[in-house]
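# Understanding the architecture of this molecule
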Amino acid sequence: MRISILGLGLMGRALARTLVKAGHSVTVWNRTEGKADGLGATSVATAAEAVEASPLVIVCVLDYAAVREVLCSVQLADRVLLNLTNGRPAEARELTEWVAARGGDYLDGGIMAVPQMIGTPGALILYSGSQPAFERYEEALGALARPRYLGADAGLAPLYDLAMLTGMYGQIAGFLEAAALIASEKGSVTEFTTELLVPWLNAMAAAQPRWAVDIEAGDYATDVSNLEVNRVGMVNLVRAFEDQGVKPDLLLPMQDVLDRRVAAGHGAQGLSSLIEELR
Ligand SMILES: NC(=O)c1ccc[n+]([C@@H]2O[C@H](COP(=O)([O-])OP(=O)(O)OC[C@H]3O[C@@H](n4cnc5c(N)ncnc54)[C@H](OP(=O)(O)O)[C@@H]3O)[C@@H](O)[C@H]2O)c1
């Protein structure tokens, strides 16, 4: 299959290398020269030449402003533009219109992997936008990562991508606070993390699908632990951090939401009910 790639940063190069290895005929372009060396792809001097070369054009650059800059002078008639650049749902929806006005079909993708994972079983790419385009290229794109199509609204892939990152940042925030607490007593952060924290987090994560069902049902009754118990626990936690000389900065926003929910009279509900304070 003929596939073009615009943007040869760390991710673009991993995409190009993997598609070449899978046997595709890959044409590449990058703003700065010299990035195509060693990829085994055909390098061209302009973005327009790269778009001309293939019916599927993948763009992976810094942000959507760069995407528009790269594409501003090219024709996209009979082309599928797959944008694997990180962005917001609103940007993806706007770009759908922009690409359609230039005669192209738009697919958005959210890469849930680092470059080293591209082409390995652990990699996932979320897609949304033109379903016919996705179906036409699903098999070829399978060489990059496990594909998951979310729907015709192009904003869905960035929305789900950002939701996945949100879950990740929350987990990182908890890990960093916990590690700082252990380090405050010169404990082994490595031993704590591998032997205690990770198994505990895995067990907690296993309960979340049940929370998801409760959230969708608006049913926040709990037989595990109510908000008032957690509010008191959080006061202890924050004071313990202060006693140890550790800043609880990443925990404080959660304490604030917990306090508001209890103050609103919902102390008997479960932790999943905090979502009501976020809507
Ligand atoms: N790396 C990851 O782990 C990862 C994971 C998931 C998603 N992503 C997403 O993939 C995209 C690329 O990331 P990356 O890691 O490859 O970044 P990177 O290594 O910093 O590369 C950035 C690329 O964007 C190009 N670029 C920037 N501004 C441009 C402009 N105005 N016009 C034309 N080209 C421009 C750069 O070209 P020059 O070489 O000329 O500077 C380069 O090819 C980002 O949206 C990122 O969020 C990355």
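Keep in mind the model is a prediction, meaning the values are calculated, not measured.

### Overview of the packing of helix H8 (residues 227–244) against helix H9 (residues 252–263)
- Two numbers describe how H8 lies on H9: the axes approach to 10 Å, and their chain directions differ by 145 degrees. The chirality of how H8 crosses H9 is left-handed. Of the residues in H9, those touching H8 at Leu227, Glu228, Asn230, Arg231, Met234, Val235 and Val238 are Leu252, Met254, Gln255, Leu258, Asp259, Arg261 and Val262.
- Grouping the constituent residues of the contact of H8 with H9 by class yields eight nonpolar, two polar and four charged.

### With respect to the site of the ligand
- By nearness alone, 22 residues border the ligand, and Met11, Asn30, Thr32, Lys35 and Asn86 come closest of all.
- Gly9 places a polar main-chain atom, nitrogen or oxygen, 3.2 Å from an oxygen atom of the ligand.
- The backbone of Leu62 places a nitrogen or oxygen atom 3.2 Å from an oxygen atom of the ligand.
- With three residues, helix H3 (residues 64–71) is the single largest residue contributor to the shell around the ligand.

### Concerning the UniProt feature "domain: NADPH-dependent reductive aminase-like C-terminal" (unreviewed entry) in the chain
- According to UniProt, the feature "domain: NADPH-dependent reductive aminase-like C-terminal" (unreviewed entry) maps to residues 153–279 in the numbering used here.
- Between the end C-alpha atoms of residues 153–279 there is a gap of 22 Å, over a span that is 69% helix and 0% strand.

### Some words on the sheet that holds strand S3 (residues 42–43)
- Pairing in this open sheet of eight strands is mixed, and the strands run S3-S2-S1-S4-S5-S6-S7-S8 from one edge to the other. Every interior strand has two partners, whereas the edge strands, S3 and strand S8 (146–149), have only one.
- Lying on the sheet, helix H4 (residues 89–101) is in contact with strand S5 (80–83) and strand S6 (105–112); it crosses S6 at an angle near 150 degrees.

### So, the nonpolar core
- Grouped together as the largest cluster of nonpolar side chains are 33 residues, with contacts concentrated most on Ile5, Leu15 and Ile58.
- Only strand S1 (2–6), helix H1 (10–21), strand S2 (25–29), strand S4 (56–59), S5, S6, strand S7 (124–129) and helix H5 (131–141) provide two or more residues apiece to this core.

### Details of the domain arrangement of the chain
- Annotation of the chain at the domain level lists domain 1 (2–152) and domain 2 (184–277).
- When each unit is reduced to the centre of its C-alpha atoms, the spacing between domain 1 and domain 2 is 40 Å.

### Points about the packing of aromatic side chains
- According to the stated counting rule, one finds two aromatic pairs in the structure shown.
- For the pair Tyr127 and Phe134, a centre-to-centre distance of 5.3 Å together with 45 degrees between the ring planes defines the contact as tilted.
- Exposure remark for Tyr127: the relative accessible area of 0% places this residue in the buried category.
- Its relative accessible area of 5% is what places Phe134 among the buried residues.
- Ring centres of Phe134 and Tyr149 lie 4.9 Å apart, and the angle between their planes is 20 degrees; on these two criteria the pair is classed as stacked. Here Phe134, found in helix H5, pairs with Tyr149, found in strand S8; they are 15 residues apart in sequence, far enough to count as distant.
- In this structure an aromatic cluster arises from ring pairing among Tyr127, Phe134 and Tyr149.
- Note that Arg102 overlies the ring of Trp98, its terminal NZ or CZ placed 3.8 Å from the centroid.

### Some thoughts on the pairing of S5
- Burial along S5 is two-sided: the face carrying Val80 and Leu82 and the face carrying Leu81 and Asn83 are both buried.
- In the sheet, S4 pairs with S5 via four bridges, with the strands oriented parallel. Bridge pairing in S5 links Leu56 to Val80.
- Since S4 and S5 lie parallel, the crossover through H3 that links them has a hand, and here it is right-handed.
- Relative to S6, S5 runs parallel, the two sharing four bridges.

### What to know about the UniProt feature "domain: 6-phosphogluconate dehydrogenase NADP-binding" (unreviewed entry) in the chain
- Here the UniProt-annotated "domain: 6-phosphogluconate dehydrogenase NADP-binding" (unreviewed entry) positions come out as residues 3–146.
- Taken end to end, residues 3–146 is 35% helix and 24% strand, and its first and last C-alpha atoms sit 18 Å apart.

### Examining the environment of Pro147
- On the secondary structure map, Pro147 appears in strand S8.
- For Pro147, a relative accessible area of 24% gives the class partly exposed.
- Measuring from C-alpha to C-alpha, the distance between Pro147 and Val80 comes to 17 Å, with 67 residues separating the pair along the chain.
- In contact with Pro147, not counting residues within four places along its chain, are Ile125, Tyr127, Phe134, Glu138 and Gly142.

### A short note on the side chain of His24
- Along the chain, His24 falls in the loop between H1 and S2.
- From its side chain, His24 meets the backbone nitrogen of Met1 in a polar contact 3.5 Å long.
- Ignoring any residue separated from it by four or fewer positions in sequence, one finds His24 in contact with Met1, Ile3, Leu19 and Ala140.

Cut-offs applied
- Residues numbered from 1 in each chain as written.
- Predicted model: local features only at pLDDT ≥ 70, side-chain atom pairs only at ≥ 80, totals over all residues.
- Heavy atoms only, no water.
- Axes fitted to C-alpha atoms, helices over the stretch in contact; angles between N-to-C directions.
- Helix = DSSP H or I, 4+ residues; strand = E, 2+ residues; numbered from the N terminus.
- Left-handed = near helix turned anticlockwise from the far one by under 90°.
- Contact = heavy atoms within 4.5 Å.
- Nonpolar A, V, L, I, M, F, W, Y, C, P; charged D, E, K, R; others polar.
- Near = heavy atom within 4 Å.
- Polar contact = N/O pair within 3.5 Å; in protein donor to acceptor, adjacent residues only side chain to side chain.
- UniProt positions renumbered as here; feature names shortened; annotations may be inferred.
- Pairing = 2+ DSSP bridges.
- Core = buried A, V, L, I, M, F, W, Y, C linked by side-chain atoms within 4.5 Å.
- Buried < 20%, exposed > 50% of the residue type's maximum accessible area, 1.4 Å probe, protein only.
- Domains from an automatic or database assignment.
- Phe/Tyr/Trp six-rings, centres within 6.5 Å; stacked < 30°, edge-to-face > 60°.
- Lys NZ or Arg CZ within 6 Å of the ring centre and 35° of its normal.
- Right-handed = clockwise from strand over helix to strand, strands pointing away.

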